[in-house]
Amino acid sequence: MTQHNGHTGQERIGVYVCHCGSNIAGTIDVEAVALWAAEHLNHHGVVVARDYKFMCSSLGQELIEKDIKELGLTRVVVAACSPHLHEQTFRIACQRAGLNPYLCELVSIREQASWVHTDKKAATEKAKALITGGVERVAWHEPLEPLRVPIHPATLVVGGGIAGIQAALEIADAGFPVYLVEREPSIGGHMAQFDKTFPTMDCAACILTPRMVSVGTHPNITLLTWSEVTDVQGYVGNFTVTIRKKARYIKEDLCTGCGICQEKCPKKVIDEVFEAGLGYRKAVYTPFPQAVPKYPVIDRENCTYFQKGTCRACEKLCPTEAIDFEQTDELLTVEVGNIILATGFDILDARRIGQYGYGRLANVFTSLEFERLSNAAGPTNGQIVLRDGVTQPQTVGIIHCAGSRDRNFNNYCSAICCMQSLKFAHLVRERTGATVYNFYIDIRTTAKAYDEFYQRVLEDGAILIRGRVAEVTDAARLPGEEGKLIIQVEDTLAGKQRRIPVDMVVLSVGLEPRHDAKEVAHRFGISCSADGWIIEKHPKLDPVATMTEGVFVAGCAQGPKDIPSTVAQGAAAAARVLARIQQKEIALEPVRASVDESRCSGCRICNGLCPFNAIIFHEDRMVTEINPALCQGCGTCVAACPAGAISGTVFSNEQVLAQIEGLLLDVARRAPATEPVPV
């Protein structure tokens, strides 16, 4: 449908209404809306109004381009889906036709009208109001040019698990420098604690260790373990990062990793981190034999010298004199162009689930503890035994979704628990021949070869019981329950309550964000969801970027996922970074705030409000300035300024108030206007 009308205004505006198949047209009378826009908004600049089945298609874009050229359009309003999805599509179409892309306004009649209404008449009227607001607003748009900033070729990767390792290697192999920061003494993350990986049951160390070695020896990777990022300044392409390299009390240039210091250290402590509390380590230690780097760390809190001023056995016996008790933390400053956060996850503290008895009943284990029990390099050399370290269980109960999909703990699915629990069942059957019960809510084996593994575990003889476990107790009530752990569960397939006595219980506890995830996110100028996972730019179209340009996310920092998905996301984040490095500069959206210094009173109210640290205060002139490269155009400072000295590009008072007036449909009822009326 095409309508041409006389126009006496300054701008020549084209309105394009998309059917989006039935997404919009199923609720909104699209043709009637286009006709209405042509008839009622002609005196406000609209010279053409069209509707089309899929406006984002190449044919739909060609319609817009043709009208810009032939009708001399100076503004374009597209009524379609969310600007997050296709604003860039229509801007590029306008640019191809010779119109500045920022003279295009996208009106969301899908998310804001069609999808939220069932009344077709009401939705159609709302679409008219939204389009009117867009027409009034676009008349105040000004041509803009993107901001261009250079990209430093170095990249910071935070987190040395498999996601960080993958990202670092991808970038380094492409020939660019990488700083890999890990807070533990060695890279490897949680994957280094595992014995087998599903669904192929290959050795975790066999596939992880070669990559760890590659990171440790790569000429383009600067490995900073036992280190943490303390400060981040700057903006995409030009970040200045401060890293605190904690004192190892080991001179790395002298240490050969011979292990004599660990062997001779008399102080043993429980290893709460790598061995999950099941094994011991020395006060000077490397987390595991394949650790990268090979240099040990002296645990200051447990070292006898730091506690009492005596011992120093490691110093006396070190053949290269690498021990240095006077060593202090170092602060390093590095310049990078992009940052990848791969900070991983924590597991839920099973003590919080009181009814399952962890911490109270000896033979209730967490999934991480079981990983160490079943690991050939673990505290029991891979022998699956009870807490006494000797007895093999004859019956084992594995409880899925411990703390996941539970409104009392975590509402979300932890993604890996089903396959992890099936892996445990397979290992128990393989190594002990014990009877295994898996208690599940639903089995989710959705990835490649996962369901095949599920069928294999069933064939192995594992018994699966569908139902949420109510309680794990040692209170015997029936014959055969003495000395056992009893799992009370509703078997929903059998339709009855059951009491299953077992020797060992394994809790497949859920994944949680790192305990300091919100503090880390704030440090890097990004946000976390209500659950604590880092928020991506778009959950489908951009799951590796964040809302802060130049900061990317990979692995379980973004949300629970298995190893293959983690590796894929690490590689994807690296690809995004490499694309920017190779372009040598990036064009940023010019939607930014700016300060009219003549109106700035120097009150500094805005200074502490900016979530992106983009505001600078000049003490000598007593005025505020906004760094356009850091500013993300959120508008917080604009709203806060009592003097009205700050304005937002594309969100000026005139634009916003004109849009509000249009939304009220007042302009469609008023007498013809010759130009936008100042508000």
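The present account deals with the structure reproduced in this document. (Residues numbered from 1 in each chain as written. Predicted model: local features only at pLDDT ≥ 70, side-chain atom pairs only at ≥ 80, totals over all residues. Heavy atoms only, no water.)

**Things to note about the overall build of the protein chain**
Rules: Numbering goes from the N terminus for both helices and strands, where a helix is a DSSP run of H or I of at least four residues and a strand is a run of E of at least two. Partly exposed describes any residue whose relative accessible area lies between the buried limit of under 20% and the exposed limit of over 50%, with all areas from a 1.4 Å probe on protein chains only and scaled to the type maximum. Throughout, a residue-residue contact means that at least one pair of heavy atoms, one from each residue, lies within 4.5 Å. Surface accessibility in these figures is a Shrake-Rupley result with a 1.4 Å probe; residues are shielded only by whichever protein chains are displayed. Working convention for charge: Lys and Arg count positive, Asp and Glu count negative, and His plus the chain ends are omitted. Throughout, a charge is located at the NZ atom of Lys, the CZ atom of Arg, the CG atom of Asp or the CD atom of Glu.
Broken down by element type, the protein chain carries 17 helices and 35 strands. Once the C-alpha set of the protein chain is aligned to its principal axes, its extents read approximately 90 × 70 × 45 Å. Per-residue burial over the protein chain gives 54% buried out of 679 residues. Taking the intrachain contacts of the protein chain between residues at least 6 apart in sequence as the baseline, contacts between residues at least 24 apart amount to 69%. Carbon and sulfur atoms form 50% of the exposed surface of the protein chain, whose accessible area is close to 29,800 Å². Placing the 68 positive and 78 negative side-chain charges of the protein chain at their respective mean positions leaves the two points 3 Å apart.

**Some words on the pairing of strand β26 (residues 485-491)**
As a reminder, the rule being used: Strands are treated as partners if at least two bridges between them are detected by DSSP.
When you tally the buried positions in β26, you get 6 out of 7 residues, the bulk of the element. Bridge count for strand β25 (residues 469-473) against β26 is 4 bridges, and the pairing is antiparallel. Within the sheet, the bridge partner assigned to Glu471 lies in β26 and is Gln488. Sheet topology places β26 next to strand β27 (residues 496-502); 7 bridges connect them, and they run antiparallel. Looking at the pairing, Leu485 lines up with Val502 of β27. In textbook terms, the turn of a hairpin is the stretch between consecutive antiparallel strands, and for β26 and β27 this stretch comprises 4 residues, one of which, Gly495, has a positive phi near 70 degrees.

**A few points about the sheet that holds strand β24 (residues 463-466)**
Here is the rule we go by: Note on definitions: angles span 0 to 180 degrees between N-to-C directions of axes, and those axes are lines fitted to C-alpha atoms, for helices only across the stretch in contact.
What the 5 strands build is an open sheet, ordered β21-β28-β22-β23-β24; its pairing is parallel. The open sheet has two free edges, formed respectively by β21 (364-366) and β24, since each of these has just one partner strand. Put simply, the sheet's adjacent strands are angled 20 degrees from each other on average, direction ignored.

**Looking at helix α11 (residues 417-431)**
Note the following rule: One fewer than the residue count of a helix, multiplied by 1.5 Å, yields its expected span.
When the terminal C-alpha atoms of α11 are compared, their 21 Å separation across 15 residues agrees well with the 21 Å that a helix rising 1.5 Å per residue should span. Taken across its 15 residues, α11 has 12 buried, putting it largely inside the fold. Along α11, the positions that sit buried rather than exposed are Cys417, Cys418, Met419, Gln420, Ser421, Leu422, Lys423, Phe424, Ala425, His426, Leu427 and Val428. Positioned one or two residues after α11, Gly433 has a phi angle of 75 degrees, which is positive.

**Description of a nonpolar patch on the surface**
Put simply, the test is: Like-charged residues are merged into a patch within 9 Å and nonpolar side chains (Val, Leu, Ile, Met, Phe, Trp, Tyr) within 5 Å, provided each residue has over 30% relative accessible area and no salt bridge. Salt bridges are counted wherever a side-chain nitrogen of Lys or Arg sits within 4 Å of a carboxyl oxygen of Asp or Glu.
A cluster of nonpolar side chains, namely Phe651, Val656, Leu657, Ile660 and Leu664, defines an oily patch on the protein surface of about 420 Å² accessible area. Counting through the fold element by element, Val656 comes out in helix α16 (residues 653-663). Residue Val656 is classed as partly exposed on the basis of its relative accessible area of 30%.

**So, helix α12 (residues 450-460)**
Selection criterion: The arc in question is traced by the directions running from the helix axis to the C-beta atoms.
All of the buried residues along α12 are Tyr450, Phe453, Tyr454 and Val457. All buried residues of α12 fall inside an arc of 105 degrees around its axis, so they share one side. The outward face of α12, more than 90 degrees from its buried face, is lined by the exposed residues Glu452 and Glu459. On its buried face, α12 is in contact with α11, β24 and α14 (563-583). Positioned one or two residues after α12, Gly461 has a phi angle of 110 degrees, which is positive.

**Things to note about unusual backbone geometry**
Cis geometry is found at the peptide bond from Phe198 to Pro199, where omega equals -5 degrees. Position of Pro199 relative to the elements: it lies in the loop between β9 (196-197) and β10 (202-203). In this chain, Val292 is followed by Pro293 through a cis amide linkage whose omega measures 5 degrees. When you line up the elements, Pro293 lands in the loop between β16 (284-285) and β17 (297-298). The residue Glu321 is not glycine, and still its phi comes out positive at about 55 degrees.

**Things to note about the sheet that holds strand β18 (residues 330-336)**
Taken in spatial order, the 3 strands make up an open sheet running β12-β13-β18, and their pairing is antiparallel. Bordering the open sheet on either side are β12 (227-235) and β18, each of which pairs with just one other strand. Each strand of the sheet is rotated relative to its neighbour by a mean of 20 degrees, with strand direction disregarded.

**Brief notes about the state of the cysteines**
Quick reminder of the rule: Disulfides are defined in this document as cysteine sulfur pairs within 2.5 Å.
With the rule as written, the count across this model stands at 0 disulfides. No disulfide involves Cys261; its nearest neighbouring cysteine sulfur is the one of Cys258, lying 6.3 Å away. The exposure class of Cys261 is buried, given its relative accessible area of 10%.

**A short note on the environment of Gln420**
Inspection of the secondary structure assignment puts Gln420 in helix α11. When the C-alpha atoms of Gln420 and Gly480 are compared, they prove to be 29 Å apart, with 60 residues separating the residues in sequence. Here Gln420 is in contact with Phe198, Ser367, Glu371 and Ser508, once residues within four sequence places are set aside.

**What to know about the nonpolar core**
A general feature of soluble globular proteins is that nonpolar side chains tend to end up buried together. To be explicit about the condition: Here the nonpolar core consists of buried residues drawn from Ala, Val, Leu, Ile, Met, Phe, Trp, Tyr and Cys, with membership extended through side-chain atoms lying within 4.5 Å.
Ranked by internal contacts, the top residues of the largest apolar core, which has 46 residues, are Val15, Val17, Ile28, Val76, Val78 and Ile109. Secondary-structure elements contributing two or more residues to this core are β2 (13-18), α1 (30-40), β3 (46-52), α2 (58-71), β4 (75-80), α3 (83-96), β5 (104-108) and α4 (120-138). If you tally residues by element for this core, the top one is α4, at 7 residues. Those residues in contact with Ile109, other than ones at most four positions away along the chain, are Val17, Cys18, Ile24, Ile28, Ala79, Ala80, Ser114, Ala127 and Leu130.

**Regarding the side chain of Asn438**
Operational definition: Counting of polar contacts relies on pairs of N or O atoms within 3.5 Å, with two restrictions inside protein: one atom must be capable of donating a hydrogen and the other of accepting it, and residues adjacent in sequence are counted only when both atoms are side-chain atoms.
Here Asn438 shows up in strand β23 (residues 435-440). At 3.4 Å, the side chain of Asn438 and the backbone oxygen of Ser421 are in polar contact. When neighbours within four sequence positions are excluded, Asn438 is seen to be in contact with Ile398, His400, Ser421, Leu422, Ala425, Ala462, Ile463, Leu464 and Ile465.

**A closer look at the environment of Thr380**
Along the chain, the position of Thr380 falls in the loop between α10 (367-374) and β22 (395-402). Once the C-alpha coordinates of Thr380 and Val30 are considered, the two residues, 350 residues apart in sequence, prove to be 69 Å apart. Side-chain polar atoms of Thr380 contact the backbone oxygen of Leu373, separated by 3.1 Å.

**Brief notes about the side chain of Thr242**
On the secondary structure map, Thr242 appears in strand β13 (residues 238-245). The contact partners of Thr242, leaving out residues within four places of it in the chain, are Glu228, Val229, Thr230, Asp231, Leu331, Leu332 and Thr333.

**Thoughts on the pattern of salt bridges**
For the structure on display, the rule yields 37 salt bridges. When the shortest N-O distance is used, the salt bridge between Arg137 and Glu105 registers 3.9 Å. With Arg137 in helix α4 and Glu105 in strand β5, the pair connects residues that are 32 residues apart, well separated along the chain. Each of the two residues, Arg137 as well as Glu105, counts as buried. For Glu315, the salt bridge is made with Arg312, and the minimal N-O distance between the two is 2.6 Å. Residue classification places Glu315 among the partly exposed residues on the basis of a relative accessible area of 28%. Here the residues in one salt-bridge network are Arg183, Glu228, Lys246 and Asp516, joined through shared partners.

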